[in-house]
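Given next are the chains, with one letter for each unit.
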Amino acid sequence: MVRLSRATAYILGCTSAVTSAFHLPSSTTQHYTHISSTPSSSLYATTVAPPSDTDFKSESAKKQIGNDSFLNQDLMARAQNGPGKQNSEKLKIGIVGAGLAGMVAAMDLADAGHDVEMFELRPFVGGKVSSWKDKDGNHIEMGLHVFFGCYYNLFGIMKRTGSFDTELRIKEHVHTFVNEGGKLGALDFRFPIGAPVSGLQAFAKTEQLGLEDKFHNALRLGTSPIVRALIDFDGGMDMVRELDDITFTEWFTQLGGSRGSLDRMWDPIAYALGFVDCDNISARCMLTIFMLFAIRTEASVLRMLEGSPQTGLHDPILKYLDDRGVTVNTSTGCREIVYDTDENGKPTRVTGIKVGSKETLKEYDAVVMALDVPGIKKVLPQSFRDNFPMFDNIYNLDTVPIATVQVRFDGWVTEMEDEARMMDISGDQSDGKGGGIDNLLYSADAEFSCFADLALTSPGEYYKEGEGSLIQAVFDERAFSRSEEQIVEDCIAQLNSLFPSSRKLKCTWSNVVKLGQSLYREKPGQDKFRPKQATPISNFFLAGSYTYQDYLDSMEGATRSGLMVADEIIARADGPEGLKAQSAKANAAKEESEEAAPAKRKLKVPFFASA
């Protein structure tokens, strides 16, 4: 049975995590390990390399890694159809974290025949894609969520739950920039010939750059790995992977790229991708996206949900899980990891977790930590870090803070051509009938990296009759420390600067959600620290968009990691050395130890040995 409750308050710096960890005794020793908030030094940081497909046992998981994964549209069918295998052994599996990664993993594991139970600290599911209703029925979001056409795995999951055809609204194939004073620029990919020609003409025609910047932009892109990939895809992708240790600015300016291009076009895109600018974002991160856009025409097509993420994305997944007997416990965080050690104190096997305020012990054959970066940092015991480099390397990953602002007006903010239309909120203007721009928007002249009018783009639950625009904008760390009131004021002022006619409109409602630790910071040199889903502890697994998969910290990245961790567990479940067999051996050893203990206590001490 799925047990859920709605949140009625915003979250400040929340993490799907726990605060301490402790392990049960092995047959000979007993230890209590508490989490330290101070990271230890990373002794292994300079020796690690990103995982390769040889680090994965599952053939299905391997298909998500490597150059072929970028062109593999069959991944959609894999996500849609499920794991395609039922294990002969039924595992009892605990999943901590009910974001996309955790829920997707639960779908596959339940379909493979396993008994799955989930635990989520928050009172709602979704992780960084969470949404909920406030006391007045307003839908609140943790961020602005856009579905790129290359989200093959996520689209497959939505097809599997029946939400793809009903809950997504496709947008015009245009990426629009709004500049101060209402001047628009665009990357217009609408063209009879697809990629890469559609992209080349979009950059050539864009109003966002002047002629000189266009020239320098073309010069740099013309010498990029993207061009090589058009004739040698593997060679181009290998070049991209090797650029993780420098910033996009460093790469872009090496051979002709101009500062003007960075300021007016690439910075807004970088902020939208990772909430950091080109001076700080990895060249690999940016070029990964451009590679997809250049190779696949559909990759740059945008979709947005009909309404809120809870209704359009999560509720169908929750029904799918409920139909298969998966229990989802919300407002129930993991408090401790329980694990055995060998005679040297080295962790050998996770036996379970303690959850909730009463720290109820739950024992499992396998445990998945489907958390974000701050969450996994809080839950890992120090001894895991001391004994296994993979866990310690996670502490090299950093995160960025964001503030998501929602502001409702008594008219249509992005309608700049017709003032009468801008002021007209009469009648039923649902289903995207309101005035203005029905698409995702970028700006180089505002502190929000991307924004949209949800009353137009996602009117199912965001349009209100008799009301106008509901602007949702995401501020990055430049504004995070300000008060909520100040952030709302700044948002309105900057919207008025971008859309001068909107000064005649009044704000009727606003909300701010601050997330102190959101995406992991895509700065140079981070890719090698991302852990794979299977860990050195045989029945302990990781999931989440920060874990290693060939995508960014995103909805698609989270989905990929969830599918990969499920594949890795399914590949390890059966056989004489499988996860079920390991549990049976461990339980038998524990019972034998418990039976022997009373007998030892009954032995009489010889009189000559007494003190």
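Source: prediction; values computed, not measured.

A. Seen up close, the confidence of the model for the protein. In this model, the protein carries a mean pLDDT of 88, and residues with pLDDT of at least 70 account for 89%. Note that pLDDT drops below 50 for residues 1-47; the model gives that stretch 142 contacts with residues more than four away or on any other chain. This model gives residues 601-611 a pLDDT under 50, and the stretch forms 1 contact once residues within four places in sequence are excluded.

B. A look at the packing of aromatic side chains. Here the structure, examined in full by the defined rule, presents 23 aromatic pairs. Between phenylalanine 155 and phenylalanine 164 the ring centres are 5.2 Å apart and the planes differ by 65 degrees, which places this aromatic pair in the edge-to-face class. By relative accessible area, phenylalanine 155 is classed as buried at 2%. By relative accessible area, phenylalanine 164 is classed as buried at 15%. Ring centres of phenylalanine 189 and phenylalanine 293 lie 6.4 Å apart, and the angle between their planes is 80 degrees; on these two criteria the pair is classed as edge-to-face. With phenylalanine 189 in the loop between strand S9 (184-188) and helix H6 (197-205) and phenylalanine 293 in helix H12 (residues 283-295), the pair connects residues that are 104 residues apart, well separated along the chain. In this pair, the class of phenylalanine 189 matches that of phenylalanine 293, namely buried. Site record: aromatic cluster; members linked through ring pairs are Phe203, Phe248, Trp251, Phe252, Trp266 and Phe290. Its end group placed over the ring of tyrosine 271, arginine 478 keeps NZ or CZ at 4.1 Å from the ring centre.

C. Main features of the sheet that holds strand S16 (residues 402-409). Taken together, 7 strands build an open sheet; the order of strands is S9-S8-S17-S18-S19-S16-S20 and the sheet is mixed. If you trace the sheet from one side to the other, it starts and ends with S9 and strand S20 (507-515), each paired once. Where strand S8 (residues 174-178) lies against S9, 5 bridges are found, and the strand directions are antiparallel. Of the residues in S9, the one forming a bridge with valine 178 is leucine 184. The strands touched by helix H20 (residues 484-498) are S8, S16, strand S18 (448-453), strand S19 (470-475) and S20; relative to S16, the strand with the most contacts, the crossing angle is about 65 degrees.

D. How the structure looks around the nonpolar core. Counting residues in each nonpolar core, the largest one holds 120 residues, and the members touching the most others are Ile95, Met118, Phe147, Phe248, Trp266 and Met286. Broken down by element, the residue count for this core peaks at 10 residues, all from H12. Phe119, Val367, Tyr520 and Ile537 belong to the second largest nonpolar core, which has 29 residues in total.

E. The side chain of aspartate 550, seen in detail. Along the chain, the position of aspartate 550 falls in the loop between strand S21 (540-543) and helix H21 (555-572). A polar side-chain atom of aspartate 550 sits 2.5 Å from the main-chain amide nitrogen of glycine 66. Polar side-chain contacts of aspartate 550 include one of 2.9 Å to the side chain of arginine 241. Aspartate 550 has contacts with Gln64, Ile65, Gly66, Ser69, Phe70, Arg241 and Arg560, leaving out every residue within four places of it along the chain.

F. Structural context of the pattern of salt bridges. For the coordinates displayed, the defined rule picks out 38 salt bridges. We note a salt bridge from glutamate 419 to lysine 504, for which the minimum N-O separation is 2.6 Å. A residue pair is termed long-range when its members are at least 10 positions apart, and glutamate 419 in helix H17 (residues 419-423) and lysine 504 in the loop between H20 and S20 qualify at 85 residues. Residue lysine 504 is classed as partly exposed on the basis of its relative accessible area of 49%. Connected through salt bridges with shared partners, the residues Arg78, Asp108, Asp111, Arg160, Arg324 and Asp567 form a single ionic network.

G. Fine view of a nonpolar patch on the surface. Taken together, the side chains of Phe191, Ile193 and Val197 make up a nonpolar region of the molecular surface, amounting to roughly 240 Å² of accessible area. Looking at the element boundaries, valine 197 is found in helix H6.

H. The arrangement of H6 in detail. Those residues of H6 that fall on the buried side of the exposure criterion are Ser198, Gly199, Gln201 and Ala202. Considered in projection along H6, the buried side chains sweep an arc of 165 degrees and stay on one side of the axis.

I. Region of interest: the side chain of arginine 385. One can find arginine 385 in helix H15 (residues 382-387). Given the relative accessible area of 2%, arginine 385 is considered buried. At 3.0 Å, the side chain of arginine 385 forms a polar contact with the side chain of aspartate 392.

J. Inspection of H21 at higher detail. Between its first and last C-alpha, H21 extends 26 Å over 18 residues, near the 26 Å set by a 1.5 Å rise per residue. Here H21 lies mainly inside the structure; 16 of its 18 residues are buried.

The rules behind these values
- Residues numbered from 1 in each chain as written.
- Predicted model: local features only at pLDDT ≥ 70, side-chain atom pairs only at ≥ 80, totals over all residues.
- Heavy atoms only, no water.
- pLDDT = per-residue confidence, 0-100.
- Contact = heavy atoms within 4.5 Å.
- Phe/Tyr/Trp six-rings, centres within 6.5 Å; stacked < 30°, edge-to-face > 60°.
- Buried < 20%, exposed > 50% of the residue type's maximum accessible area, 1.4 Å probe, protein only.
- Helix = DSSP H or I, 4+ residues; strand = E, 2+ residues; numbered from the N terminus.
- Lys NZ or Arg CZ within 6 Å of the ring centre and 35° of its normal.
- Pairing = 2+ DSSP bridges.
- Axes fitted to C-alpha atoms, helices over the stretch in contact; angles between N-to-C directions.
- Core = buried A, V, L, I, M, F, W, Y, C linked by side-chain atoms within 4.5 Å.
- Polar contact = N/O pair within 3.5 Å; in protein donor to acceptor, adjacent residues only side chain to side chain.
- Salt bridge = Lys/Arg side-chain N within 4 Å of Asp/Glu carboxyl O.
- Patch = residues over 30% accessible without salt bridge, like charges linked within 9 Å, V, L, I, M, F, W, Y side chains within 5 Å.
- Areas by Shrake-Rupley, 256 points an atom, 1.4 Å probe, with all protein chains shown as cover.
- Arc of directions from axis to C-beta.
- Expected span 1.5 Å × (residues − 1).

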